[in-house]
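# Chains, contacts and geometry: an overview
The primary structure of each chain is shown beneath.
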Amino acid sequence: MILYILRRLVSIAVTFFVVSVLVFLMMHSVPGGPFDGNDMPLSAAVRAKLMAQLGLDQPLHVQYFNYMAGVLRLDFGVPYQSPGETVIGLLSRAWLPSLVLGGLGVLIGAPIGILLGMAAALKRNSWMDYLASGLATLGLTVPVFVISMGLILIFAVWLNWLPASGWGKPERWILPIIAFAAIPLATYARYTRSAMLDTLNKPFVTVLRAKGLSERRIIFQHVLRNSAIPMVTVFLPMFIGTATGSIFVEAMFRVPGLGSYFVSSIQSRDYPLEMALVLMVTLMFCFAYLISDILYALLNPRIRTGGRR
Amino acid sequence: MTAPALELRGLSKKFPIRVGGRLLPRYAEHVAVDGVSLVVPTNRIVGLVGESGSGKTTTGLMAMRLIEPTSGQILIDGKDISRLGHAELKPFRRQMQVVFQDSYSALDPMMTLAQIVAEPLHIHGLMTARAQTEAALGWLERVGLDRSYGQRYPHELSGGQRQRVAIARALILRPSVLVADEPTSALDVSVKAQIINLLQDLQEEMGLSILFISHDLSVVRSLTDTVVVMHRGRVVEQAPTEAIFLESRHPYTRSLLDAIPVLHPRDRRRRTFQSAETIATGIPRLSARDLAAPAMPSATPQLVTVTPDHRVEAIVTA
Amino acid sequence: MNLVDISELTVSFRQHEGLVQAVRGISLRVDAGESVGIVGESGSGKSVTCMAMLRLLREPPARITAGKFEIAGTDILRADNRTLASLRGRVAAMVFQDPMTAFDPVFTIGHQIIETIRTHRNVSKAEARAEAESLLRRVEIKQAKDVLGYYPHQLSGGMLQRAMIAMALSCRPQILLADEPTTALDVTIQAQILQLIKELQAEFGMSLIMVTHDLGVIAETVDRVVVMYGGRVMEQGPVEAIFDDPRHPYTQALLRSIPGHAGGRRRLTEIKGASPNPANPPTGCPFHPRCAAAESACRESMPVMVAVGARHDAACWRLQ
């Protein structure tokens, strides 16, 4: 196990390096630079001076190594769009809305999805099954911004129950949380349903019935436990995916989260911020998958206890 | 003397297996097949028997070069094919065919039976398309299926019918060697006899040489000329079929024979079962002087020749 | 008293092709302590009958009807879920074909046996554990204590089948249903498991219902045989009578097709044709398309069971 983890850590380091080089190259090979915006005409001299100040006049590989040297000291530089603070400072500020809204979205959506999926699996071909499958299909096929738009239209515009956008008071959170919850809910509903049906068709379930166990005990102790193994392992990556912000949801509800900075950093060629965001998300996904795989091994006795005795 | 249709010489297969180590995995070599030598003479059926884990299936697959042996030689009509590359092997592939236990997963569900049976002709670029189909339909008839089955698909067939199709496909190239790996194990009693008879008939008509891999000793007794018994990757006994059933020398062979269910309730008896240890300690001790072929005295068991066609694993004493 | 008393049992399944009748009106009676073998080929309805006895088939798609369907005096057809659950494992326990897939992979063997004991008996965990250990020892598992803590994948098929038998016996059932309990095992292990089941049946005084396709298993284990084909009972009788004097052409053909112990290479006696397709069964006697002695009556209707000897009945027009 330790060897396995070490191997995975090395592969994460390699991934990190490759992603950083690729993103750095791509970022700089896109035409334009941070001071080419039309709304801010600069004289050539001023522009050159700014470029020199930020080190952007140096050869690309020098820039890369300078930047990465900083990264290794956890210094991600200063965002161009907000020179008064560091990238770290900006990110730690932007984190909060994404983590709260996205995190709550997953924490609310996933359990509801699991319950729906369970109900669907246990009452196959009933209205419950169709409802769950319908919701899951909607959640996975309708784009989030359409869901967001629908939510705003219904609850903010027509019913006027909730504010349409912003950040701050908790009532402003409700609609974006629902929007964020859509995908985890749909994914988990589908996932739970198929995992449960898969387990319910296993021969050992018939054996459990033949032993006289109650249906409730079979479902909650055996079937759920067997189905849970794959379900637990998709949780962390999904959490990271949602809690690092959605460009669409944050844009629709005008939430100042990570997702919105992704957009603005690319638009304004804010190289340090863009790099920091990509590297951070890459690293978090790598670790989420690593932890998931370790969890899988720990939950599965076949892997945990090795081969036959 | 002509070369046998198939000969295996000292064939071995080793797999690495994890032997534990919660933190750092340790690997050991698992010897699935350990120096197996056997001969399938032309126009004969040789039974290869043993239980799961005995290495009999691995041996059969290596004989067909479907698994690469770790060491040893495979001879088809006296020619060593164990080192041949893909292209050099292709002409030999025509001469050796295989039929598996689970014919359902071995038949492409998207192809008609005529296409399935004709496929080997197609692969080897033999005959025109029309002649291929005609040959396939002819073979379907020969294995006892109507020509109209040519347009059907595998899922429409019963287990026995699928096994007939698998046999037709294997034999359409007129191979000289057929490896049949438990071809009747998944079949019903009443159908099993049909397939055994079909194999018997085709073997006689075509002069086929068959390596028949099975754990079913009753079937082996009525079908084969010679039996090779494998246990834990090694050949422990090898003799003409009736000699195995009447004069077996190895304790493992005897334990297999003893486990055959009775044919009639009045023959019921209480059995005493041998453990792996009693089998290990029950290996015969033979004096080198009593053997039909010279062998070096040794404390480690070796395969020795007790009569010209009967070999058994034994400890040889001076 | 008949522990099992079934008459006119039918089991059908709703499938794409329509209603498939797997069991087409069979009667079965089993006395206390008696051992009965149900022998048949695939599609004969033997396993479905066995599963129906504990109502283990999913309903729907399965649909069960019967004139009478009693196990130890309980009407199985009208019993509610609670009654069925208390019957399963306690009055009638079952051993399944494939031990490798019969245990829940994420729980230990010990957990799964203890759980069975504690479902039906009011005992403490420690008592149940001690009992599970002694049961494992009884089925000749060495290091029973260690095996309690093993997960299913850590044991061989033969060991798992022993553990499953121990689990089935844990609540001292009156009936042991064994559905092809040795088919998935190696030859030498098969013989050991059969001998173990026979011994335990006598020791526990249980009735045994052995479902198998293998006449060798029948010859080894049971007192009475029920021969099924195409969802119907063709013949039933004491095991010696069935082997010595089979009266139904199907039973006769089946016995002749066994490879046997005769020496030398030879052709086997085969039964032409294939088992009937349950979705589209032949009219009349299901065996008539393969029967050498078939007459026109065989094609038209199913003959009734007639006595051909002491407790020996067969359903064939030639015997009417």
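I will try to describe carefully the structure that is included in this document. (Residues numbered from 1 in each chain as written. Chains lettered and ligands numbered in written order. Predicted model: local features only at pLDDT ≥ 70, side-chain atom pairs only at ≥ 80, totals over all residues. Heavy atoms only, no water.)

## Things to note about the side chain of C:Thr108
Residue and element names in this part refer to chain C. Positionally, threonine 108 belongs in the loop between helix 3 (99-102) and helix 4 (109-120). In this structure the side chain of threonine 108 is engaged in a polar contact, spanning 3.1 Å, whose partner is the backbone nitrogen of histidine 111. Ignoring sequence-local partners within four residues, the contact set of threonine 108 consists of Leu148, Gly149, Tyr150 and Tyr151. (Helix = DSSP H or I, 4+ residues; strand = E, 2+ residues; numbered from the N terminus. Polar contact = N/O pair within 3.5 Å; in protein donor to acceptor, adjacent residues only side chain to side chain. Contact = heavy atoms within 4.5 Å.)

## Topic: the pattern of salt bridges
Under the defined criterion, the tally for this structure stands at 36 salt bridges over all chains. For C:Lys46, the salt bridge goes to C:Glu180, with nearest N and O atoms at 3.7 Å. You can see C:Lys46 sitting in helix 1 (residues 46-53) and its partner C:Glu180 sitting in the loop between strand 8 (175-179) and helix 8 (187-204), a full 134 residues away along the chain. Judged by its relative accessible area of 8%, C:Lys46 is buried. What makes C:Glu180 buried here is its relative accessible area of 7%. Taken together, the salt bridges that share partners define one network made up of B:Arg270, C:Arg138, C:Glu140, C:Arg162, C:Glu199 and C:Glu203. (Salt bridge = Lys/Arg side-chain N within 4 Å of Asp/Glu carboxyl O. Buried < 20%, exposed > 50% of the residue type's maximum accessible area, 1.4 Å probe, protein only.)

## Some details on the interface of chain A and chain C
Taken together, the contacts link 26 residues of chain A with 31 residues of chain C. Regarding the contact of chain A and chain C, the summed buried area is about 2500 Å², with carbon and sulfur atoms giving 57% of it. Where chain A meets chain C, there are two salt bridges. The residue C:Glu115 makes a salt bridge to A:Arg217 at a minimum N-O spacing of 3.8 Å. Linking chain A with chain C are nine residue pairs in polar contact (both at pLDDT 80 or more). The set of elements that each furnish at least two residues to the side of chain A that touches chain C consists of helix 8 (203-210), helix 9 (215-243) and helix 13 (301-304) of chain A. With seven residues, the single largest contributor to the side of chain A that touches chain C is helix 8 of chain A. Classifying every residue of the side of chain A that touches chain C by side-chain character gives eight nonpolar, nine polar and nine charged. (Buried area = accessible area lost by both parts, 1.4 Å probe. Nonpolar A, V, L, I, M, F, W, Y, C, P; charged D, E, K, R; others polar.)

Function cannot be read off these values alone, since they describe shape.
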